[in-house]
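For reference, the chains in residue letters:
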Amino acid sequence: MRYKIFLAFSFLLLAFSSNAQQRRFNPDTLITIVIDSAVNIRSHRLNAQDFIDAIVADTGFYKAFRNMKRYSFMAENRIYTYDKNNKVDGEIYRKIKHNIIGGRHQTEYLVKQDKGNVYKKDGKYQLYTVEMFDYIFNNAYNSDFSKNDLLAGSGGKNGSYKDKLKTLIFSPGRKVTGIPFISGKTEIFGPDMRQFYNYEFTRGKYLDSIPVYRFKVIKKPSIADGDIIIRELTTIFDMRTFKILGRYVDMKYSNFLFDFDVKMNIELIPFNSELLPAKVSYQGNWNVPFHKVERASFLITQKEYK
C-alpha cells in the first residue's frame, strides 16, 4: 500500500521527451505574459528577497482553487496518455458545467469521451498520474481538498502524501519531508540550495492588460541537474497588489529509484475581487522500478465564472 501511495505521489515525477513532440499533444506550458523589458530591481525599491518572502508566505494560490466551489463555471479537460513509443494510447475529454444550485455545488457533464487504454478492469485509472490529477484539480470543490487553509507537507499515511503533493504544487520552495533523496532539494530558498540559482526580474503584461512582475528562479548554467530538482520556478505577480497570478515549474531528477522531468504551468484570473483558476497545463512521463513508465500530458481550462 505504501509503495502504491509513493507511486501516486509521483504524479509530479515525470520525464519530458523532446524528440516525441510531433506525436504528443503539446499543451502550452508557458505563462500568458508579454515581457516589456528587463528591469533593475533596485530602481523599483524591490529586491530578490521581497519576491522570495512573498512566494514562501503565499497561500492565495492554493485558495484560488478553493474559491472555485463558490461559483458556477465551465471547464474543459483534455488528457492524453502514451505508450513506450510515445504514441497516444489513451485519451480523456471532459466538457463540464459546474453549477451552484440551492447553495450546493453540482457537476453536469456536457461531453464525456474516453478512448483507448484509460481504465483498469476494476474501473480505476490505468495511470497514477491521471488519478492524482483527478484528485488535485477535478475535486477542488470537495471538502477533502478545501478543509485546511495551510499546506503542512508533513505527517503520515495517505492524507499526508496528498498534503505533500499539494505543497509541492502550490507552495514550491518549501521543504517537503518524507520523500527519499528529494526532500532537502525542494527548499530552493534555503541556505543549502540558494547557491545553485540565479534570479531574473522583468515586468510585462498578463492577459494583455494586467501589469505584472515576472520573477524567475533558474539554476545556474554550471550546476548539474543531479544537484537540484527544480530547474526553474517562474512566478507572476500582479504589480498593483503583489498577488501571485501565475506559476511555471520545471523539475528534473534521476537516480537508481526513479527519474522524472516535469513542466507545469498554472494561471489564475481576477474575478469578483479574488483569484480563480484559469488554466493548468502539464506534460511528461516518469519511471520507477517494477512499474511501467507513465507518459501523459493534459490541458485544463476554467472559464465563464458566474
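For clarity, every value in this text was computed on a predicted model and none was experimentally measured.

**So, the confidence of the model for the chain**
Stage number 1. Residues at a pLDDT of 70 or more form 70% of the chain, whose mean pLDDT is 76.
Stage number 2. Counting contacts from residues 1-24, a segment whose pLDDT is below 50, to residues more than four positions away or on other chains yields 81 contacts.
Stage number 3. Long-range and interchain partners of residues 143-160, a stretch whose pLDDT sits below 50, account for 41 contacts in this model, where long-range means more than four residues apart.

**With respect to unusual backbone geometry**
Stage number 1. One non-glycine residue, Phe242, lies in the positive phi region at around 65 degrees.
Stage number 2. Within the secondary structure, Phe242 sits in the loop between β7 (230-238) and β8 (244-254).
Stage number 3. The class of Phe242 is partly exposed, set by a relative accessible area of 26%.
Stage number 4. In this model, Glu304 sits at a positive phi of 55 degrees, which is unusual for a non-glycine residue.

**Re the environment of Ile92**
Stage number 1. Mapping Ile92 onto the fold places it in strand β3 (residues 88-101).
Stage number 2. Given the relative accessible area of 6%, Ile92 is considered buried.
Stage number 3. Sequence spacing of Ile92 and Asn117 is 25 residues, and the spatial spacing of their C-alpha atoms is 9.9 Å.
Stage number 4. With sequence-adjacent residues up to four places away left out, Ile92 is seen in contact with Asn77, Arg78, Ile79, Gln113, Asp114, Val118, Tyr125 and Val130.

**Focus on the side chain of Asn99**
Stage number 1. Structurally, Asn99 is set in strand β3.
Stage number 2. Not counting residues within four places of it along the chain, the set of residues in contact with Asn99 comprises Ser72, Arg104, His105, Gln106 and Glu108.

**With respect to the packing of aromatic side chains**
Stage number 1. For the coordinates displayed, the defined rule picks out 15 aromatic pairs.
Stage number 2. Consider the rings of Tyr71 and Tyr305, whose centres lie 6.3 Å apart with planes at 85 degrees: the pair is edge-to-face. With Tyr71 in the loop between α3 (60-67) and β2 (73-82) and Tyr305 in the segment after β11 (294-303), the pair connects residues that are 234 residues apart, well separated along the chain. Both residues of the pair, Tyr71 and Tyr305, count as buried.
Stage number 3. Geometrically, the ring pair formed by Tyr119 and Tyr125 is stacked, given 5.3 Å between the ring centres and 20 degrees between the ring planes.
Stage number 4. Under the relative-accessibility criterion, Tyr119 is labelled partly exposed at 30%.
Stage number 5. Members of the aromatic cluster, each reached through a chain of ring pairs, are Phe51, Tyr199, Phe201, Tyr213, Phe215, Phe237 and Phe242.
Stage number 6. Arg247 extends its terminal NZ or CZ atom over the ring of Phe61, reaching a point 4.5 Å from the ring centre.

**Points about the pairing of β7**
Stage number 1. For β7, the tally of buried residues reaches nine of nine residues, placing the bulk of the element in the interior.
Stage number 2. Where strand β6 (residues 210-219) meets β7, seven bridges bridge the pair, whose relative direction is antiparallel. Across the sheet, the residue bridging to Val217 is Leu233, located in β7.
Stage number 3. Pairing of β7 with β8, which is carried by seven bridges, proceeds in the antiparallel orientation. Bridging from a neighbouring strand, Thr234 pairs with Tyr248 of β8.
Stage number 4. Between the antiparallel neighbours β7 and β8 lie five residues, among them Phe242 with a positive phi of about 65 degrees.

**Let's talk about helix α2 (residues 48-57)**
Stage number 1. Considered for burial, the residues of α2 that qualify are Ala48, Phe51, Ile52, Ala54 and Ile55. Relative to the axis of α2, the buried residues are bounded by an arc of 165 degrees and lie together on one face.
Stage number 2. Of the surrounding elements, those touching the buried residues of α2 are β5 (197-206), β6, β7 and β8.
Stage number 3. At the N-terminal end of α2, a side-chain oxygen is found 3.0 Å from the backbone nitrogen of Gln49, two or three residues along, and the residue is Asn47.

**Some remarks on the pattern of salt bridges**
Stage number 1. Using the criterion set out here, one finds seven salt bridges in the structure.
Stage number 2. Residue Lys216 is joined to Glu232 by a salt bridge in which the shortest nitrogen-to-oxygen separation is 3.9 Å. A residue pair is termed long-range when its members are at least 10 positions apart, and Lys216 in strand β6 and Glu232 in strand β7 qualify at 16 residues. For the pair shown, Lys216 and Glu232 are each scored as buried.
Stage number 3. Residue Glu267 pairs with Lys279 through a salt bridge whose shortest N-O separation is 3.4 Å. With Glu267 in strand β9 (residues 259-271) and Lys279 in strand β10 (residues 274-287), this residue pair connects regions lying 12 residues apart in the sequence. Each member of the pair Glu267 and Lys279 is classed as buried.

Cut-offs used in this document
Residues numbered from 1 in each chain as written. Predicted model: local features only at pLDDT ≥ 70, side-chain atom pairs only at ≥ 80, totals over all residues. Heavy atoms only, no water. pLDDT = per-residue confidence, 0-100. Contact = heavy atoms within 4.5 Å. Helix = DSSP H or I, 4+ residues; strand = E, 2+ residues; numbered from the N terminus. Buried < 20%, exposed > 50% of the residue type's maximum accessible area, 1.4 Å probe, protein only. Phe/Tyr/Trp six-rings, centres within 6.5 Å; stacked < 30°, edge-to-face > 60°. Lys NZ or Arg CZ within 6 Å of the ring centre and 35° of its normal. Pairing = 2+ DSSP bridges. Arc of directions from axis to C-beta. Polar contact = N/O pair within 3.5 Å; in protein donor to acceptor, adjacent residues only side chain to side chain. Salt bridge = Lys/Arg side-chain N within 4 Å of Asp/Glu carboxyl O.

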